[in-house]
Structures are given as C-alpha cells and as structure tokens.
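A structural walkthrough
One letter stands for each residue in the lines below.
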Amino acid sequence: MLTEPLPKKIDPRKLARKGAGMRGSIPLSELHHLRDYLANDEGNVDASLEFYRDEEGFYVIDATMSASVTMLCQRCLEEVNLTVNGECHLAVVWNEDKAKSLPTHFEPVVVGEDELVTASLLEEELILDLPLIAYHQEDECKMSKGYSTGEFAAEVEETRKPNPFDVLANLKSDN
Ligand SMILES: [Zn+2]
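Remember, predicted model here, so these are calculated numbers, not experimental data. For every chain, the first residue of its written sequence is number 1, and the numbers climb from 1 along that sequence. Two thresholds apply to this predicted model, a pLDDT of at least 70 for residue-level local features and 80 or more for giving and counting side-chain atom pairs, whereas whole-chain, interface and lining totals are computed over all residues.

**Section: the overall build of the protein**
A run of H or I in DSSP counts as a helix once it spans at least four residues, and a run of E counts as a strand once it spans at least two, with each numbered from the N terminus. Helices and strands together make up the secondary structure of the protein, namely 6 helices and 7 strands. The N-to-C order of helical and strand elements in the protein reads β-α-β-α-β-β-β-α-β-β-α-α-α. Residues with at least 20 neighbouring C-beta atoms inside 10 Å of their own are called buried, those with 12 or fewer are called exposed, and the rest are partly exposed, where every C-beta is derived from the backbone. Buried residues in the protein amount to 27% of all 175 residues. Residue pairs qualify as contacts under a 7 Å threshold applied to their C-beta atoms, which are placed from the backbone. Taking contacts inside the protein between residues at least 6 apart in sequence as the whole, the part at least 24 apart equals 61%.

In structure tokens:
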C-alpha cells in the first residue's frame, strides 16, 4: 500500500515523553474484533497518532483513523461499502481504578507493563463508529422501492464502487 505499516505494538508513555507522532496503516485482517462486524476483511485502516504529556501530566494519545469497510446491507443482504472515520482523545492509565478518576474529556486506555497493541487501540474506536445497521443508499439498494430488477444490477455496479484511495489521498494531502 501507499502508506507505511504502523508498528504492531507501541509504548505510549515513552512516545508521549518524546512527543512523538506517527501515521500509517494496519490491515483490517489484523483487527480481529472489528472483523466480526464486516462482510470481509479486505482493506486497511489508516491512522494518525499523536503522543504527548499534557500540562497535568497525563500521557495523551490523540488518534484519528479512517477505513473503507464492507458490511451487509440489511435490506437486500448484499455488500455495501462504507467509510468509517474515528477520532479519540485518550489518556493512558495503569488500571481500571485510575480510568474511573480521569477527567471526563478523556477516554481511558489501560496500559500496564505490557506494550499497547496498536490494532486493539484502533479497532475499539472503529467499532464504536460503525453503523449499528448498514444500508445502501436508497437509490443503490436492490430492495428499495422504484427499482425494476433488470435495471438494478447495472446501476448498483455503477454507483457502489469502493473508493479506497480517497482515504489515502486525504492523508497524503495533509503532509
Ligand atoms: Zn441494499
């Protein structure tokens, strides 16, 4: 792919002390929990991560991510391509107790002695951003009113082409 792979594991406290940032991608096939919601695991999630310590000493991760995913349309049960975007403002904590006492503008990410698995960090957010129920747009769906079945196949092929490069183009234009 056009983007660099992200490291599989990261030490967010060390990265925050350095004020590090990274940008790259992870194959959807490595996001094991997210995969359960998808029709297939082709494609990547593209993400940008910033690590820093804020004025109160919290170890912060700001993450934005975008993925082109395939789910099943719950009207016609055919595949529908969707772009999912996520954004989170996380504070690294040692345990659940510490997580409870975080200021509310943070979401907690519990990281103990082990390194943080980058894929889990991203998929947790992406799962929240998936639609509960996926549908085609009205005019692209086989089961929506106004379609005669003959016209349907050709038109759907025209309109529902995935656009995996849009995401990459956006990421690149930020550079
Ligand atoms: Zn449909």
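**Section: the confidence of the model for the protein**
Note: pLDDT gives the predictor's confidence per residue, expressed from 0 to 100. Mean pLDDT over the protein: 87, with 81% of residues reaching 70 or higher. At the low end of the mean pLDDT range in the protein sits helix α5 (residues 149–159), at 51; at the high end sits helix α1 (residues 12–18), at 98.

**Let's talk about the nonpolar core**
Across soluble globular proteins, nonpolar side chains show a tendency to be buried alongside one another. Working definition: the nonpolar core is a set of buried Ala, Val, Leu, Ile, Met, Phe, Trp, Tyr and Cys residues, joined through C-beta atoms within 7 Å. Ranked by internal contacts, the top residues of the largest apolar core, which has 30 residues, are L31, V45, A67, V92, V109, L122 and L126. If you list the elements that add at least two residues to this core, you get α1, β3 (44–53), β4 (59–72), β5 (79–93) and α4 (118–129). Residue contacts for L122: discarding those within four places in its chain leaves I26, L31, V45, A47 and M65.

**Quick look at unusual backbone geometry**
Phi is positive for L77, close to 65°, though the residue is something other than glycine. Mapped onto the elements of the fold, L77 is located in the loop between β4 and β5.

**Some remarks on α4**
Here α4 spans 17 Å end to end across 12 residues, near enough to the 16 Å set by a 1.5 Å rise per residue. Those residues of α4 that fall on the buried side of the exposure criterion are T118, A119, L121, L122, E123, E125 and L126. Helix span, expected: 1.5 Å multiplied by one less than the number of residues in the helix.

**Some points on the environment of H105**
If you trace the backbone, H105 turns up in the loop between α3 (96–100) and β6 (107–110). For the pair formed by H105 and H89, sequence separation is 16 residues and the distance between their alpha carbons is 7.6 Å.

**Quick look at the sheet that holds β6**
If you trace the 5 strands from one edge of the open sheet to the other, you get β2-β3-β4-β5-β6, paired in mixed fashion. At either margin of the open sheet sits one strand with a lone partner, and together these are β2 (21–27) and β6. The average undirected angle you get between the axes of adjacent strands in this sheet is 35°. Seen against the sheet, α4 touches β2, β3, β4, β5 and β6 and runs at an angle of roughly 120° to β5. Here, any two strands with at least 2 DSSP bridges between them count as paired. What counts as an axis is a line fitted to C-alpha atoms, over the stretch in contact for a helix, and the angles between N-to-C directions run from 0 to 180 degrees.

**Examining the environment of P103**
Residue placement: P103 occurs in the loop between α3 and β6. Separated by 12 residues in sequence, P103 and A91 place their C-alpha atoms 9.3 Å apart.

**Some points on the environment of S25**
Tracing the backbone shows S25 in strand β2. Between the alpha carbons of S25 and G43 there is a distance of 9.7 Å; along the sequence they are 18 residues apart.

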